[in-house]
Amino acid sequence: MKSGASWRIEAALRATLLQGAWNFERMQNLGWAYCMEPALRALYPDPARRAAALRRHLELFNTHPYLAPYVLGAALRAESEAAAGRGGVEAVAAIKAGLSPALAAVGDSFFWANLRPAAGLLGVVWLWLAPGRLRLAAPLVFLGAYNLASLPLRLRGVRAGWLKGDGVAVHVARLGLPAKAEGLRRMALVLVAGLCGALARINQPAVGPSPVADNFLFLGAGLLMLLLLRLSVRPVVLLVLCTLASLVLALAIPPMNPH
Amino acid sequence: MLPLGTLILLSAVGGLLGLDSTGALQVMLSRPLVVGALFGVLLGNLSLGLVLGSMVELLCIAGPPVGSLVPPDSTAAAAAAATVAVRLAHLRPGHWTTAAAALGFLAAVPAGALGARAEVWQRRWTNRLSRRADAELDAGRLPRLGILLAAALGMAFLRGFLVCALVLGVGVPVLAGIFKGLPVEGLYALRWSFWLFWLLGLAVAADQFWDRRGLRTAAGVSLGVAVFGAAVGAGQGEVLAAVIGAAGVAGVWIWLANRNEGWT
């Protein structure tokens, strides 16, 4: 029989495939059961008990994939206690039902809505503003910034969940992800603003009487698009408008087009 | 337009990278900036691939994959944009690279929509695997979860492969024909639209991070770089350091100001 540490490591590795069989009916259920499988095999040598445990873990499950290891660690602990007769299987279901929606909300807000776009923007800023061949490192800057911030949280999850049990929610709360998300939002807004200013200065087509006038025209066009987006105009509509505006510009002022 | 071997290679790479978006790892290898760079390398023009990847990255910056929401397929979009731009860039004599890039960017839109549609079909198909596990348990057998998961991942790869093959196999020759036949005014229009598309991407990113409390800081940095940076003749490296430095300071400031607020 494998030791608890061995299942936890295997579960943490398998958690990278948590969403491998994402489906509309029960979402991450197959991936979740796949993560639990090594522990269930060790805890329940009797096939009938193992099948019953597997059925429990094939029920609907959905949380943020990066914070799922925290739920996984807590569920592994509850399951091992239930198998040893120190608790009921209801505790496992309660941990899954209690933790997964809260961690999904925190994870979606931090990782998907803020960290990923902010790291992407950093890569884009790097691409457009880094001198010479350094700009070609933009994808590495993006991947490095994103994964340095997210991988440590993912890697520690199963162990933290195992150690804290159903108190892992407090542990995740202490990570302060909402405050960090606010910081990332502001950082990203300043990155966008800086890139707008820099592109106006460096790369825009020259149409006005002076470079400063060009800069204001460029920034003004960007602000108009932002205003339309704030008024809930869809980006695809703006894409069509941009294409039409370009056609008008090309017909109106062809000699002033840039090279 | 694309040799069959190249089409198969690009589609396979697109399918593999697409797995990272939901099914496996999720270390962001599937994001447009990375996909554009990789496709640029494979097609012999890293620089142009990167530019297209960064434009698609901005356009797809919103739309997180929350719950059952399926956002546009940014991997297929970046693959289409980079491939079209690189393949079309040499079709017309003269400096029409930005025109080819604009057409590539336009190709990203249907590619992203088709990829999302295909992902919905694939997820519906994956429902069957979940039911299959139940059926095996009902029959008194323990389901082989690893095999079911591998089947789901195989399906996801096949979806990404087929979307890329369709988009690149059909899109590149069609757009090449259009590009070759365009009058000069059309090429000028595409060249203009390249910069407008760039601005649109930046506007989408600004909209995503819109926050009234940060507007003064953002406006100050933007105008400072555009006007003051030009006046003092700052180099590109200095501008990069100034922008990243200002963003870092603003971010840490807000984080420190909010860190004592609890998680409710």
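Residues numbered from 1 in each chain as written. Chains lettered and ligands numbered in written order. Predicted model: local features only at pLDDT ≥ 70, side-chain atom pairs only at ≥ 80, totals over all residues. Heavy atoms only, no water.

Regarding the nonpolar core
Soluble globular proteins tend to bury their nonpolar side chains together. Quick note on the threshold: In this text, buried Ala, Val, Leu, Ile, Met, Phe, Trp, Tyr and Cys residues form a nonpolar core when linked through side-chain atoms within 4.5 Å. Only protein chains enter the accessibility calculation, which uses a 1.4 Å probe; a residue is then buried when its area is under 20% of its type maximum, exposed when over 50%, and partly exposed in between. Numbered from the N terminus, helices here are DSSP runs of H or I no shorter than four residues, and strands are runs of E no shorter than two. Delimitation of the domains relies on an automatic or database domain assignment. By definition, residues are in contact when any of their heavy atoms lie within 4.5 Å.
Among the nonpolar cores identified, the biggest contains 172 residues, and Trp 128 of chain A together with Trp 198 of chain B are the most heavily contacted of them. The greatest single-element share of this core, amounting to 19 residues, is contributed by helix α5 (residues 90-129) of chain A. Counting contributing residues per domain, this core is built from domain 1 (4-101) and domain 2 (176-259) of chain A, each supplying no fewer than three. For Trp 198 of chain B, the residues in contact, after removing those within four places along its chain, are Val 124, Trp 128, Leu 195 and Leu 199 of chain A together with Ser 54, Met 55 and Leu 58 of chain B.

A short note on the pattern of salt bridges
Pairing of side chains with opposite charge becomes possible as their charged atoms draw close. What counts, and what does not: Salt bridge, as used here, is a side-chain nitrogen of Lys or Arg placed within 4 Å of a carboxyl oxygen of Asp or Glu.
Following the criterion strictly, the structure yields 16 salt bridges over all chains and no others. Close ionic contact of Glu 25 of chain A with Arg 131 of chain B constitutes a salt bridge, the shortest N to O distance being 2.4 Å. Placement of the pair is Glu 25 of chain A in the loop between α1 (4-14) and α2 (29-43) and Arg 131 of chain B in helix α5 (residues 97-138), with the two residues belonging to separate chains. A residue is classified by how much of its surface remains accessible, and Glu 25 of chain A, at 34% relative accessible area, is partly exposed. Here Arg 131 of chain B falls in the partly exposed class, since its relative accessible area comes to 43%. Its salt-bridge partner being Arg 230 of chain A, residue Asp 207 of chain B comes within 2.8 Å of it at the nearest N-O pair. On the criterion of chain membership, the pair formed by Asp 207 of chain B in helix α7 (residues 184-208) and Arg 230 of chain A in helix α9 (residues 211-230) is interchain, its members lying in two chains. Judged by relative accessible area, Asp 207 of chain B falls into the partly exposed class, the value being 23%. Here Arg 230 of chain A falls in the partly exposed class, since its relative accessible area comes to 39%.

Brief notes about the interface of chain B and chain A
Quick note on the threshold: Simply put, the buried area is the total loss of 1.4 Å probe accessible area from both parts when two parts are fitted together. Polar contacts, as used here, are pairs of N or O atoms within 3.5 Å; protein pairs need one atom able to donate a hydrogen and one able to accept it. Residues neighboring in sequence count only if both atoms are side-chain atoms. Here the nonpolar group is Ala, Val, Leu, Ile, Met, Phe, Trp, Tyr, Cys and Pro; Asp, Glu, Lys and Arg are the charged ones; every other residue, Gly included, is treated as polar.
Listed by partner, the interface residues are 107 residues for chain B and 111 residues for chain A. Here chain B meets chain A over a buried area of about 9900 Å², counting both sides, of which 74% is carbon and sulfur. Across the contact surface, chain B and chain A share 6 salt bridges. If you look at where chain B meets chain A, you find 23 residue pairs in polar contact (both at pLDDT 80 or more). Where the side of chain B that touches chain A is concerned, the elements lending two or more residues are α2 (32-43), α3 (46-59), α5, α6 (145-181), α7, α8 (215-232) and α9 (236-258) of chain B. Among the elements that make up the side of chain B that touches chain A, the one with the highest residue count is α7 of chain B (20 residues). In terms of residue class, the side of chain B that touches chain A is made up of 69 nonpolar, 25 polar and 13 charged.

Re the packing of aromatic side chains
We count it as follows: Any Phe, Tyr or Trp ring, taking Trp's six-membered ring, that has another such ring centre within 6.5 Å forms a pair; planes under 30 degrees apart are called stacked, those over 60 apart edge-to-face, and the others tilted.
Summed over the entire model, instances satisfying the criterion amount to 13 aromatic pairs over all chains. A ring pair is formed by Trp 128 of chain A and Trp 195 of chain B, whose centres lie 6.3 Å apart and whose planes are at 65°; its orientation type is edge-to-face. Of the two residues, Trp 128 of chain A sits in helix α5 while Trp 195 of chain B sits in helix α7, which places them in two different chains. With relative accessibility at 11%, the residue Trp 195 of chain B sits in the buried group. Taken together, the aromatic side chains of Tyr 66, Phe 110, Phe 111, Trp 112 and Tyr 146 of chain A make up a single cluster linked through ring pairs.

Examining the confidence of the model for chain B
Short version of the rule: Scored from 0 to 100, pLDDT reflects the predictor's confidence in each residue.
Summarising the model, chain B shows a mean pLDDT of 90, and 94% of its residues fall at 70 or more. Both confidence scores are given for the complex: pTM 0.92, ipTM 0.93.

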